[in-house]
Amino acid sequence: MIVLGIETSCDDTAAAVVDESGVRSDVVWSQSLHERYGGVVPELASRAHAEQIVPVVRAALTVAGVDRPDAIAVTAGPGLMGAVLVGLCFAKSASVGWGVPFLGVNHLEGHLLSGLMEPVVEGAGSVAFPFLSLVISGGHSTLYKVLALGRYEVVSETVDDAIGEAYDKVARMLGLGYPGGPLVDRLAGLGKPTIAFPRPRLARLVPGTAERAPVDDMSFSGLKTAVRTAIERDPGLTSADRAPDVCASFQQAVVDVINDRVRQAARASGIGTVLIGGGAAANEGIRAGLLGLGLRVVLPPKGRCTDNAAMIAHVGRLHLLAGCPPDPLFRTAQARWSV
Ligand code: KG4
Ligand code: ZN
(Lines give C-alpha, C1' and ligand atoms only; values in the text may rest on other atoms or scores of the structure.)
(Ligands and ions follow the chains in the order given, each with its own letter.)
Protein backbone atom coordinates (compact mmCIF):
# COMPACT_ATOMS: atom_id res chain seq x y z
CA MET A 1 0.00 0.00 0.00
CA ILE A 2 1.47 3.34 -1.13
CA VAL A 3 0.55 6.09 1.34
CA LEU A 4 1.02 9.84 0.85
CA GLY A 5 1.61 11.57 4.20
CA ILE A 6 0.86 15.25 4.81
CA GLU A 7 1.95 17.25 7.86
CA THR A 8 1.14 20.95 8.50
CA SER A 9 0.52 21.09 12.26
CA CYS A 10 3.02 23.85 13.08
CA ASP A 11 5.68 25.59 11.00
CA ASP A 12 6.81 22.83 8.63
CA THR A 13 4.94 22.06 5.40
CA ALA A 14 5.76 18.40 4.77
CA ALA A 15 4.78 15.56 2.45
CA ALA A 16 6.17 12.05 2.08
CA VAL A 17 5.47 8.77 0.36
CA VAL A 18 5.81 5.50 2.27
CA ASP A 19 5.18 1.94 1.09
CA GLU A 20 6.23 -1.60 2.09
CA SER A 21 9.81 -0.87 0.97
CA GLY A 22 10.02 2.08 3.40
CA VAL A 23 10.22 5.85 2.90
CA ARG A 24 10.27 6.65 -0.86
CA SER A 25 10.30 10.42 -0.42
CA ASP A 26 10.34 12.85 2.50
CA VAL A 27 10.02 16.57 1.71
CA VAL A 28 10.00 19.25 4.43
CA TRP A 29 9.68 22.98 3.73
CA SER A 30 10.54 24.79 6.98
CA GLN A 31 9.00 28.22 7.44
CA SER A 32 11.97 30.40 8.35
CA LEU A 33 9.67 33.46 8.20
CA HIS A 34 8.92 33.06 11.95
CA GLU A 35 12.56 33.63 13.00
CA ARG A 36 12.18 37.42 13.10
CA TYR A 37 9.25 37.10 15.54
CA GLY A 38 11.08 34.73 17.92
CA GLY A 39 8.27 32.14 17.72
CA VAL A 40 5.61 30.74 15.41
CA VAL A 41 2.91 33.24 14.33
CA PRO A 42 -0.15 31.00 13.72
CA GLU A 43 -1.84 33.06 11.01
CA LEU A 44 1.39 33.45 9.03
CA ALA A 45 2.00 29.70 9.38
CA SER A 46 -1.43 28.88 7.92
CA ARG A 47 -0.91 31.21 4.94
CA ALA A 48 2.55 29.82 4.24
CA HIS A 49 1.17 26.24 4.37
CA ALA A 50 -1.54 27.23 1.87
CA GLU A 51 1.14 28.59 -0.50
CA GLN A 52 3.53 25.64 -0.14
CA ILE A 53 1.29 22.60 0.14
CA VAL A 54 0.90 21.99 -3.62
CA PRO A 55 4.61 22.25 -4.56
CA VAL A 56 5.63 20.22 -1.50
CA VAL A 57 3.18 17.38 -2.25
CA ARG A 58 4.13 17.47 -5.93
CA ALA A 59 7.82 17.18 -5.00
CA ALA A 60 7.13 14.21 -2.69
CA LEU A 61 5.20 12.38 -5.44
CA THR A 62 7.83 13.18 -8.09
CA VAL A 63 10.77 11.98 -5.96
CA ALA A 64 8.85 8.78 -5.14
CA GLY A 65 7.86 8.27 -8.79
CA VAL A 66 4.18 7.99 -7.81
CA ASP A 67 1.26 9.53 -9.78
CA ARG A 68 -1.51 8.53 -7.42
CA PRO A 69 -1.12 6.94 -3.95
CA ASP A 70 -3.39 4.18 -2.62
CA ALA A 71 -4.31 6.27 0.45
CA ILE A 72 -3.56 9.58 2.16
CA ALA A 73 -2.59 10.00 5.83
CA VAL A 74 -2.76 13.53 7.17
CA THR A 75 -2.10 15.16 10.54
CA ALA A 76 -5.54 16.03 12.02
CA GLY A 77 -4.13 17.36 15.32
CA PRO A 78 -2.90 18.30 17.82
CA GLY A 79 -1.44 21.58 16.57
CA LEU A 80 -2.31 25.06 15.40
CA MET A 81 -5.92 24.80 14.23
CA GLY A 82 -5.56 26.91 11.08
CA ALA A 83 -2.32 25.18 10.11
CA VAL A 84 -3.73 21.67 10.61
CA LEU A 85 -6.81 22.62 8.56
CA VAL A 86 -4.70 23.51 5.52
CA GLY A 87 -3.24 20.01 5.33
CA LEU A 88 -6.52 18.33 6.23
CA CYS A 89 -8.56 20.23 3.62
CA PHE A 90 -5.92 19.57 0.98
CA ALA A 91 -5.94 15.85 1.88
CA LYS A 92 -9.73 15.69 1.61
CA SER A 93 -9.68 17.38 -1.80
CA ALA A 94 -6.94 15.08 -3.09
CA SER A 95 -8.83 12.10 -1.68
CA VAL A 96 -11.94 13.08 -3.68
CA GLY A 97 -9.93 13.97 -6.79
CA TRP A 98 -7.97 10.69 -6.85
CA GLY A 99 -10.80 8.59 -5.47
CA VAL A 100 -8.60 7.20 -2.67
CA PRO A 101 -9.30 7.00 1.09
CA PHE A 102 -7.77 9.36 3.65
CA LEU A 103 -7.11 8.96 7.36
CA GLY A 104 -6.56 11.68 9.99
CA VAL A 105 -3.48 10.85 12.09
CA ASN A 106 -2.47 12.08 15.53
CA HIS A 107 0.80 14.01 15.20
CA LEU A 108 2.01 12.68 18.58
CA GLU A 109 1.46 9.10 17.46
CA GLY A 110 3.66 9.91 14.45
CA HIS A 111 6.52 10.92 16.81
CA LEU A 112 5.75 8.04 19.17
CA LEU A 113 6.29 5.37 16.50
CA SER A 114 8.89 7.17 14.35
CA GLY A 115 11.58 4.83 15.70
CA LEU A 116 9.84 1.93 13.93
CA MET A 117 10.61 3.46 10.53
CA GLU A 118 13.81 2.30 8.89
CA PRO A 119 16.53 3.34 8.71
CA VAL A 120 17.38 4.13 12.31
CA VAL A 121 20.73 5.51 13.46
CA GLU A 122 20.99 3.23 16.46
CA GLY A 123 19.13 0.10 17.54
CA ALA A 124 18.35 -1.26 14.06
CA GLY A 125 16.46 -4.54 13.69
CA SER A 126 12.82 -5.32 14.30
CA VAL A 127 11.25 -3.85 17.43
CA ALA A 128 8.53 -5.89 19.11
CA PHE A 129 5.79 -4.65 21.43
CA PRO A 130 5.88 -3.74 24.27
CA PHE A 131 8.44 -0.94 24.34
CA LEU A 132 8.84 2.51 25.91
CA SER A 133 8.65 5.60 23.72
CA LEU A 134 9.78 9.07 24.76
CA VAL A 135 8.14 11.93 22.82
CA ILE A 136 9.91 15.24 23.43
CA SER A 137 8.92 18.15 21.21
CA GLY A 138 8.00 21.83 21.34
CA GLY A 139 4.62 21.12 22.94
CA HIS A 140 4.91 17.69 24.58
CA SER A 141 7.25 15.71 26.81
CA THR A 142 5.76 12.32 27.60
CA LEU A 143 7.12 8.85 28.23
CA TYR A 144 4.70 6.16 27.03
CA LYS A 145 4.45 2.43 27.48
CA VAL A 146 3.50 1.10 24.03
CA LEU A 147 1.60 -2.16 24.42
CA ALA A 148 0.41 -2.47 20.80
CA LEU A 149 -0.55 -0.25 17.86
CA GLY A 150 -3.06 2.20 19.35
CA ARG A 151 -2.50 1.06 22.97
CA TYR A 152 -0.42 3.67 24.76
CA GLU A 153 -0.09 4.29 28.51
CA VAL A 154 1.41 7.50 29.89
CA VAL A 155 4.22 6.56 32.29
CA SER A 156 5.60 10.04 32.97
CA GLU A 157 4.93 13.48 31.52
CA THR A 158 5.83 17.09 32.05
CA VAL A 159 3.52 18.98 34.37
CA ASP A 160 4.57 22.34 32.90
CA ASP A 161 6.97 23.23 30.06
CA ALA A 162 7.80 20.81 27.26
CA ILE A 163 11.51 20.16 26.74
CA GLY A 164 11.66 21.88 23.32
CA GLU A 165 9.82 24.85 24.79
CA ALA A 166 12.34 25.08 27.66
CA TYR A 167 15.20 24.98 25.11
CA ASP A 168 13.55 27.75 23.07
CA LYS A 169 13.09 29.92 26.18
CA VAL A 170 16.68 29.43 27.38
CA ALA A 171 17.88 30.30 23.87
CA ARG A 172 15.88 33.53 24.02
CA MET A 173 17.40 34.42 27.44
CA LEU A 174 20.83 33.98 25.88
CA GLY A 175 19.87 35.98 22.78
CA LEU A 176 20.53 33.02 20.48
CA GLY A 177 17.51 33.12 18.12
CA TYR A 178 14.67 30.78 17.16
CA PRO A 179 14.15 27.84 17.12
CA GLY A 180 16.50 27.64 20.05
CA GLY A 181 16.85 23.89 20.54
CA PRO A 182 19.54 23.24 17.93
CA LEU A 183 21.41 26.45 18.91
CA VAL A 184 21.55 25.57 22.64
CA ASP A 185 22.48 22.00 21.69
CA ARG A 186 25.44 23.21 19.58
CA LEU A 187 26.72 25.59 22.30
CA ALA A 188 26.29 22.89 24.97
CA GLY A 189 28.76 20.77 23.02
CA LEU A 190 31.34 23.57 23.38
CA GLY A 191 30.87 24.13 27.12
CA LYS A 192 31.15 22.35 30.47
CA PRO A 193 28.32 21.72 32.99
CA THR A 194 29.81 24.00 35.62
CA ILE A 195 26.52 25.40 37.03
CA ALA A 196 24.37 23.25 39.36
CA PHE A 197 20.79 23.66 38.09
CA PRO A 198 17.91 21.72 39.78
CA ARG A 199 16.74 18.21 38.81
CA PRO A 200 13.13 18.14 40.08
CA ARG A 201 11.34 15.01 41.31
CA LEU A 202 7.52 14.95 41.28
CA ALA A 203 5.65 11.88 42.44
CA ARG A 204 3.31 10.83 39.65
CA LEU A 205 -0.30 10.48 40.78
CA VAL A 206 -2.26 7.71 39.07
CA PRO A 207 -5.12 9.57 37.28
CA GLY A 208 -8.42 9.32 39.19
CA THR A 209 -6.81 7.93 42.34
CA ALA A 210 -4.70 9.18 45.24
CA GLU A 211 -2.07 6.53 44.51
CA ARG A 212 1.50 7.20 43.49
CA ALA A 213 2.89 5.56 40.38
CA PRO A 214 6.34 3.93 40.50
CA VAL A 215 7.70 6.55 38.06
CA ASP A 216 7.98 10.30 38.71
CA ASP A 217 6.57 13.02 36.46
CA MET A 218 8.77 15.62 34.79
CA SER A 219 8.98 19.39 35.21
CA PHE A 220 11.15 21.86 33.29
CA SER A 221 9.69 25.20 34.30
CA GLY A 222 11.75 25.42 37.52
CA LEU A 223 14.90 24.56 35.59
CA LYS A 224 14.16 27.30 33.04
CA THR A 225 13.53 29.78 35.89
CA ALA A 226 16.81 28.75 37.54
CA VAL A 227 18.62 29.63 34.30
CA ARG A 228 16.83 33.01 34.21
CA THR A 229 17.69 33.72 37.88
CA ALA A 230 21.35 32.83 37.31
CA ILE A 231 21.49 35.23 34.32
CA GLU A 232 19.78 38.01 36.28
CA ARG A 233 22.34 37.61 39.07
CA ASP A 234 25.26 37.48 36.68
CA PRO A 235 24.46 39.03 33.24
CA GLY A 236 27.97 38.10 32.08
CA LEU A 237 26.69 34.53 31.67
CA THR A 238 25.20 35.54 28.29
CA SER A 239 28.65 36.47 26.91
CA ALA A 240 30.04 34.40 24.03
CA ASP A 241 32.67 32.74 26.23
CA ARG A 242 30.32 31.83 29.12
CA ALA A 243 27.04 30.99 27.33
CA PRO A 244 28.38 27.54 26.32
CA ASP A 245 28.74 26.58 30.01
CA VAL A 246 25.16 27.78 30.71
CA CYS A 247 23.92 25.64 27.80
CA ALA A 248 25.97 22.62 28.87
CA SER A 249 24.71 22.94 32.49
CA PHE A 250 21.07 23.30 31.40
CA GLN A 251 21.39 20.40 28.97
CA GLN A 252 23.02 18.17 31.61
CA ALA A 253 20.06 18.82 33.96
CA VAL A 254 17.58 17.90 31.19
CA VAL A 255 19.57 14.75 30.37
CA ASP A 256 19.71 13.70 34.04
CA VAL A 257 15.92 14.09 34.45
CA ILE A 258 15.16 12.15 31.26
CA ASN A 259 17.64 9.38 32.07
CA ASP A 260 16.24 9.04 35.58
CA ARG A 261 12.62 8.70 34.33
CA VAL A 262 13.52 6.27 31.57
CA ARG A 263 15.59 4.17 33.97
CA GLN A 264 12.73 4.12 36.52
CA ALA A 265 10.20 3.17 33.83
CA ALA A 266 12.38 0.38 32.47
CA ARG A 267 12.86 -1.00 35.99
CA ALA A 268 9.17 -0.72 36.95
CA SER A 269 7.86 -2.24 33.71
CA GLY A 270 10.61 -4.75 32.95
CA ILE A 271 10.73 -3.31 29.40
CA GLY A 272 14.25 -2.89 28.04
CA THR A 273 13.62 -1.17 24.68
CA VAL A 274 13.22 2.62 24.36
CA LEU A 275 12.27 4.62 21.25
CA ILE A 276 12.63 8.36 21.07
CA GLY A 277 10.89 10.93 18.87
CA GLY A 278 9.97 14.62 18.59
CA GLY A 279 12.17 17.62 17.76
CA ALA A 280 14.18 17.54 21.01
CA ALA A 281 15.07 13.89 20.27
CA ALA A 282 17.52 15.38 17.73
CA ASN A 283 19.53 16.69 20.70
CA GLU A 284 23.09 15.34 20.87
CA GLY A 285 23.25 15.30 24.67
CA ILE A 286 19.88 13.59 25.10
CA ARG A 287 20.76 10.96 22.46
CA ALA A 288 24.16 10.27 24.04
CA GLY A 289 22.64 10.16 27.54
CA LEU A 290 20.06 7.53 26.58
CA LEU A 291 22.68 5.42 24.80
CA GLY A 292 24.60 5.25 28.08
CA LEU A 293 21.71 3.68 30.04
CA GLY A 294 22.45 0.09 29.09
CA LEU A 295 18.99 -0.30 27.49
CA ARG A 296 18.19 -1.05 23.87
CA VAL A 297 17.70 2.49 22.50
CA VAL A 298 16.21 3.11 19.05
CA LEU A 299 17.20 6.48 17.60
CA PRO A 300 15.62 7.76 14.38
CA PRO A 301 17.79 10.02 12.18
CA LYS A 302 17.52 13.65 13.33
CA GLY A 303 15.35 14.60 10.33
CA ARG A 304 12.76 12.03 11.42
CA CYS A 305 12.72 13.48 14.99
CA THR A 306 11.72 16.99 13.94
CA ASP A 307 8.36 17.37 12.20
CA ASN A 308 8.06 15.37 9.00
CA ALA A 309 5.36 13.69 6.95
CA ALA A 310 7.05 10.28 6.69
CA MET A 311 6.07 9.55 10.30
CA ILE A 312 2.45 10.50 9.50
CA ALA A 313 2.35 8.31 6.38
CA HIS A 314 3.96 5.49 8.39
CA VAL A 315 1.42 5.60 11.22
CA GLY A 316 -1.55 6.04 8.86
CA ARG A 317 -0.36 3.07 6.82
CA LEU A 318 -0.01 0.88 9.94
CA HIS A 319 -3.60 1.71 11.00
CA LEU A 320 -5.07 1.19 7.52
CA LEU A 321 -3.26 -2.16 7.18
CA ALA A 322 -4.60 -3.14 10.63
CA GLY A 323 -8.16 -2.59 9.35
CA CYS A 324 -8.85 0.92 10.66
CA PRO A 325 -11.66 2.44 8.52
CA PRO A 326 -10.73 5.59 6.55
CA ASP A 327 -12.22 8.90 7.68
CA PRO A 328 -15.39 10.46 6.27
CA LEU A 329 -15.17 13.86 4.55
CA PHE A 330 -16.71 15.59 7.60
CA ARG A 331 -13.64 14.62 9.67
CA THR A 332 -12.44 17.80 11.34
CA ALA A 333 -9.19 18.98 12.93
CA GLN A 334 -8.52 18.69 16.67
CA ALA A 335 -6.28 21.37 18.20
CA ARG A 336 -5.99 19.19 21.34
CA TRP A 337 -5.84 15.42 21.01
CA SER A 338 -4.02 12.98 23.27
CA VAL A 339 -3.08 9.58 21.88
O1 KG4 B 1 8.61 17.91 16.96
P2 KG4 B 1 8.92 19.30 16.58
O3 KG4 B 1 9.66 19.53 15.26
O4 KG4 B 1 7.60 20.18 16.55
C5 KG4 B 1 6.62 19.98 17.53
O6 KG4 B 1 5.82 19.03 17.35
O7 KG4 B 1 6.67 20.73 18.53
O8 KG4 B 1 9.75 19.95 17.78
C9 KG4 B 1 10.18 21.29 17.73
C10 KG4 B 1 10.94 21.57 19.01
C11 KG4 B 1 11.38 23.02 19.14
O12 KG4 B 1 11.07 23.47 20.45
C13 KG4 B 1 12.88 22.94 18.94
O14 KG4 B 1 13.62 23.94 19.60
C15 KG4 B 1 13.18 21.57 19.50
O16 KG4 B 1 12.11 20.76 19.07
N17 KG4 B 1 14.46 21.03 19.00
C18 KG4 B 1 15.50 20.75 19.78
C19 KG4 B 1 16.55 20.33 18.93
N20 KG4 B 1 16.08 20.36 17.64
C21 KG4 B 1 14.79 20.80 17.70
N22 KG4 B 1 15.64 20.82 21.12
C23 KG4 B 1 16.83 20.47 21.64
N24 KG4 B 1 17.89 20.08 20.88
C25 KG4 B 1 17.79 20.00 19.53
N26 KG4 B 1 18.84 19.60 18.80
ZN1 ZN C 1 6.13 17.49 16.29
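Cut-offs used in this document
Residues numbered from 1 in each chain as written. Chains lettered and ligands numbered in written order. Predicted model: local features only at pLDDT ≥ 70, side-chain atom pairs only at ≥ 80, totals over all residues. Heavy atoms only, no water. Salt bridge = Lys/Arg side-chain N within 4 Å of Asp/Glu carboxyl O. Helix = DSSP H or I, 4+ residues; strand = E, 2+ residues; numbered from the N terminus. Buried < 20%, exposed > 50% of the residue type's maximum accessible area, 1.4 Å probe, protein only. Pairing = 2+ DSSP bridges. Axes fitted to C-alpha atoms, helices over the stretch in contact; angles between N-to-C directions. Contact = heavy atoms within 4.5 Å. Near = heavy atom within 4 Å. Polar contact = N/O pair within 3.5 Å; in protein donor to acceptor, adjacent residues only side chain to side chain. Areas by Shrake-Rupley, 256 points an atom, 1.4 Å probe, with all protein chains shown as cover. Core = buried A, V, L, I, M, F, W, Y, C linked by side-chain atoms within 4.5 Å.

A. The pattern of salt bridges, seen in detail. Counted by the stated rule, this structure contains 17 salt bridges. Across the pair Arg204 and Glu157 runs a salt bridge whose closest N-O atoms are separated by 3.9 Å. Taken as a pair, Arg204 in the loop between helix H5 (180–188) and helix H6 (221–233) and Glu157 in strand E8 (residues 151–157) lie far apart in primary sequence, 47 residues in all. Looking at Arg204, the relative accessible area reads 7%, which means it is buried. For Glu157, a relative accessible area of 31% gives the class partly exposed.

B. Expanded view of the sheet that holds strand E10 (residues 296–298). What the five strands build is an open sheet, ordered E8-E7-E6-E9-E10; its pairing is mixed. The open sheet has two free edges, formed respectively by E8 and E10, since each of these has just one partner strand. For this sheet, the mean angle separating the axes of adjacent strands, direction not counted, is 25°. As defined by bridge partners, strand E7 (residues 141–148) adjoins E8 across six bridges and the pair is classed as antiparallel. Paired with Ala148 across the strands is Arg151, a residue of E8. Along the sheet face, helix H7 (residues 243–269) touches strand E6 (131–136), E7, E8 and strand E9 (273–277) and points at about 155° away from the line of E6.

C. Structural detail: the site of ligand 1. Near ligand 1, the surroundings consist of 19 residues, among which Gly138, Asp168, Asp185, Gly279 and Asn283 are the closest. Residue Gly138 places a main-chain N or O atom 2.8 Å away from an oxygen atom belonging to ligand 1. Measuring from an oxygen atom of ligand 1, one finds a backbone N or O atom of Asp307 at 3.0 Å. For ligand 1, whose unbound accessible area comes to 550 Å², protein coverage reaches 87%. Those elements that provide at least two residues to the shell around ligand 1 are helix H3 (107–112), helix H4 (163–173) and H5.

D. Inspection of the side chain of Thr142 at higher detail. Looking at where Thr142 falls in the secondary structure, it is placed in strand E7. The residues touching Thr142, leaving out its near neighbours within four places in the chain, are Ser133, Leu134, Val135, Val154, Ser156, Glu157 and Met218.

E. Looking closely at the nonpolar core. The biggest cluster of nonpolar side chains holds 50 residues, and the ones touching the most others in it are Ile136, Ile163, Phe250, Val254, Ile258, Ile286 and Leu290. Looking at this core, the elements with two or more residues in it are E6, H4, H5, H6, H7, E9 and helix H8 (284–291). Looking at this core element by element, the count peaks at 13 residues for H7. In contact with Val254, other than residues within four places in its own chain, are Ile163, Tyr167, Phe220, Leu223 and Ile286. Formed by 28 residues, the second largest nonpolar core is a distinct cluster that contains Val3, Leu112, Leu275 and Ile312.

This is a description of form; function is not addressed.
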